Amino acid sequence: MEKFITRAARLNKAYDIELIERELVCGENDIIVKNHLCGVCGSDKSFYRGFMPPQTAEFRQPPEFPFLLGHESGGTVVAVGSRVSEYKVGDEVISFGWNNNYADYFKAQSFQLQPAPKGLDRDLAALGEPIACAMYSGMNSGVQLGDTVVVMGGGFAGQIIAQCAKAKGAHCVIVVDVLEGKLNLASSLGADVVINSREEDPVAKVKALTGGVGADVVCEVAGSAESFNAASAMIRHNGKFVFYSWVTTPITLNISRWHDDGLEFINTCLVHHTWQQRYVWFPEVMRPVEQGIIKIKPLINATFKLEDIKEGFDFVDKDDAAIKVVFRP
């Protein structure tokens, strides 16, 4: 069995992250991948700040400290176990699993990987998991030609979903956030209207823009109680509520509005479904990225070396305007 020594990130407690040395042994069902690039997910930032969610099926290690951090990355297969037939050495792959991916190398099994599209920029391929998740949401949001669409949250996923809505024929795409930098970026990428919810009431603004009717589709990508309730209030009668965010603490919601106005709920978090489903939808949702219809590179704000893991996470923690921060091994 082949063995690899790697640096890998361990989160010991809130605000305490370090690189440790790990030995990865390629067992008969394992695949070892040499990392090309690793991205910081919003969930990583929450973990770094000490907010560990309850155990779910997504976690293959208990969500408690110390935690082996990282899941957004991709690279080149350098070793495969004797029982692996889906991949071979030299294949370019994308990670779809929590495999301690802030590392030079990571170990996975076949169902936790996805073949990288041939010809796709390697940086974009390495960010294939967060890109594909947001693209799936944007493409399956139920947006129709002529719709007014609101995206609550101008982070990485929100920026992609807003671009998808415009490309699908939305008449007016509105992005709501609390940071001017994110709103300016959304405008540059095609959003028709941006709303700073610290400065004005997004519900009142959306109602005014729609003649009191409300938005046809609202995509919740901010993940806060305020955002969920504003989204619920600004949707038109029988409109669509697209659920993307991961909310890890209980919140109070106006369920009466959902019931009385017959809102349609669309859960677009298919990354948390089965790997078989992912194999079907992944090539389809990545095609507009390969074609250049959806712009991703403007969303990458900062790049750090893996050895600067502490500095990188300090930057992520202190700059909420950062859209996507990446590490290069």
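Whatever comes next refers back to the structure up there.
Residues numbered from 1 in each chain as written. Predicted model: local features only at pLDDT ≥ 70, side-chain atom pairs only at ≥ 80, totals over all residues. Heavy atoms only, no water.

Peer 1: Whenever I open this one, the overall build of the protein confuses me. Can you help?
Peer 2: In terms of helices and strands, the protein carries 10 helices and 16 strands. Taking 2.2 N^0.38 as the reference for a compact globule, 329 residues should give roughly 20 Å; the C-alpha atoms of the protein span a radius of gyration of 20 Å, in line with that estimate. With the C-alpha coordinates aligned to their principal axes, the bounding extent of the protein is approximately 65 × 35 × 35 Å. Expressed as a percentage of its 329 residues, the buried residues of the protein come to 54%. Sequence separation of at least 24 residues holds for 66% of the intrachain contacts in the protein that already meet a minimum separation of 6. Here the protein displays about 14300 Å² of accessible surface, and carbon together with sulfur accounts for 51% of that area. The averaged location of the 40 negative side-chain charges in the protein is 3 Å from the averaged location of its 32 positive side-chain charges. (Helix = DSSP H or I, 4+ residues; strand = E, 2+ residues; numbered from the N terminus. Rg over C-alpha atoms; globule rule 2.2 N^0.38 Å. Buried < 20%, exposed > 50% of the residue type's maximum accessible area, 1.4 Å probe, protein only. Contact = heavy atoms within 4.5 Å. Areas by Shrake-Rupley, 256 points an atom, 1.4 Å probe, with all protein chains shown as cover. Lys, Arg positive; Asp, Glu negative; His and termini not counted. Charge placed at Lys NZ, Arg CZ, Asp CG, Glu CD.)

Peer 1: What is the right way to look at the sheet that holds strand E2 (residues 16-25) in this model?
Peer 2: Strands in a sheet are paired, the pairing made by backbone hydrogen bonds, and the direction either parallel or antiparallel. Reading across the sheet, the 3 strands line up as E2-E1-E4 and stay open at both edges, with antiparallel pairing between neighbours. The sheet is open, and its two edges are formed by E2 and strand E4 (67-68), each paired on a single side. Packed onto the sheet, helix H10 (residues 309-318) meets strand E1 (3-13) and E2 and runs at close to 130° relative to E2. (Pairing = 2+ DSSP bridges. Axes fitted to C-alpha atoms, helices over the stretch in contact; angles between N-to-C directions.)

Peer 1: For this particular structure, what's the right way to read the state of the cysteines?
Peer 2: Covalently bonding the sulfur atom of one cysteine to the sulfur atom of another cysteine gives a disulfide. For the coordinates displayed, the defined rule picks out 0 disulfides. Looking at the unpaired Cys 41, the closest cysteine sulfur is the one in Cys 133, lying at 8.5 Å. For Cys 133, a relative accessible area of 9% gives the class buried. (Disulfide = S-S within 2.5 Å.)

Peer 1: What is the right way to read the layout of surface pockets from this model?
Peer 2: Rolled over the atoms, a probe with the dimensions of a water molecule shows which regions are left empty. Roughly 300 Å³ of internal volume is contained in the second largest pocket. Along its surface, the second largest pocket is lined by 17 residues, and Arg 22, Trp 98, Asn 99, Asn 100 and Lys 107 are the ones closest to its centre. When contributions to the lining of the second largest pocket are tallied by element, the ones reaching two or more residues are E1, E2 and strand E7 (105-108). A per-element tally of the lining of the second largest pocket places E7 first, with 4 residues. Residues of the lining of the second largest pocket, tallied by class, amount to 7 nonpolar, 6 polar and 4 charged. (1 Å grid on protein atoms, 1.4 Å probe; cavity = no way out; pocket = protein on both sides within 12 Å on 5 of 7 lines; lining within 4 Å. Points joined across faces, edges and corners; volume = space filled by probe spheres on them. Nonpolar A, V, L, I, M, F, W, Y, C, P; charged D, E, K, R; others polar.)

Peer 1: It is not clear to me how helix H4 (residues 156-167) should be interpreted in this structure. Could you clarify?
Peer 2: Think of an α-helix as turning once every 3.6 residues; residues three or four places apart then point the same way. With 12 residues, H4 extends 17 Å from end C-alpha to end C-alpha; this agrees with the ideal 16 Å at 1.5 Å per step. Most of H4 sits inside the fold, with 10 of its 12 residues counted as buried. When we look at burial in H4, the residues that qualify are Phe 156, Ala 157, Gly 158, Gln 159, Ile 160, Ile 161, Ala 162, Gln 163, Cys 164 and Ala 165. In this structure, the buried side of H4 is in contact with helix H3 (128-139), strand E9 (148-152), strand E10 (172-177), helix H5 (180-188), strand E12 (215-220) and strand E16 (324-328). (Expected span 1.5 Å × (residues − 1).)

Peer 1: Looking at this structure, how should I read the pattern of salt bridges?
Peer 2: When charged atoms on two side chains of opposite charge get close, those side chains can pair. Considering all chains together, one arrives at 18 salt bridges under this definition. We note a salt bridge from Lys 45 to Asp 320, for which the minimum N-O separation is 3.2 Å. With Lys 45 in helix H1 (residues 42-48) and Asp 320 in the loop between H10 and E16, this residue pair connects regions lying 275 residues apart in the sequence. For Lys 45, a relative accessible area of 17% puts it in the buried group. Arg 49 is paired through a salt bridge with Asp 320; the nearest N and O atoms lie 3.1 Å apart. Here Arg 49, found in the loop between H1 and E4, pairs with Asp 320, found in the loop between H10 and E16; they are 271 residues apart in sequence, far enough to count as distant. (Salt bridge = Lys/Arg side-chain N within 4 Å of Asp/Glu carboxyl O.)

Peer 1: How should I be thinking about the sheet that holds strand E14 (residues 264-267) in this particular structure?
Peer 2: Taking strand neighbours across the sheet as the criterion, the 6 strands line up as E11-E10-E9-E12-E13-E14 in an open arrangement whose pairing is parallel. Two strands in the sheet have a free side with no partner beyond their single neighbour: strand E11 (193-196) and E14. Sheet twist, expressed as the average angle between the axes of neighbouring strands with direction ignored, equals 20°. Alignment of strand E13 (residues 235-243) against E14, held across 4 bridges, turns out to be parallel. Within E14, the residue paired with Val 242 across the bridge is Ile 266. Where H5 meets the sheet, its contacts fall on E10 and E11, and the angle it forms with E11 comes to roughly 175°.

Peer 1: I would appreciate a short explanation of the side chain of Gln 112 in the present structure.
Peer 2: As for its placement among the helices and strands, Gln 112 is situated in the loop between E7 and strand E8 (113-115). Ignoring sequence-local partners within four residues, the contact set of Gln 112 consists of Arg 60, Ile 94, Ser 95, Phe 96, Gly 97, Asn 99 and Arg 278.

Peer 1: I would appreciate a short explanation of the packing of aromatic side chains in the present structure.
Peer 2: Ring pairs (aromatic) are described by centroid distance and by the angle formed between their planes. Counting across every chain of the model gives 20 aromatic pairs. Their ring planes at 85° and their centres at 5.8 Å tell us that Tyr 102 and Phe 327 sit as a pair that is edge-to-face. Placement of the pair is Tyr 102 in the loop between strand E6 (92-95) and E7 and Phe 327 in strand E16, with a sequence separation of 225 residues. Considered together, Tyr 102 and Phe 327 belong to a single accessibility category, that of buried residues. Across from the ring centre of Phe 96, 4.5 Å away, lies the NZ or CZ of Arg 278, which sits over that ring. Lys 324 extends its terminal NZ or CZ atom over the ring of Phe 156, reaching a point 4.6 Å from the ring centre. (Phe/Tyr/Trp six-rings, centres within 6.5 Å; stacked < 30°, edge-to-face > 60°. Lys NZ or Arg CZ within 6 Å of the ring centre and 35° of its normal.)

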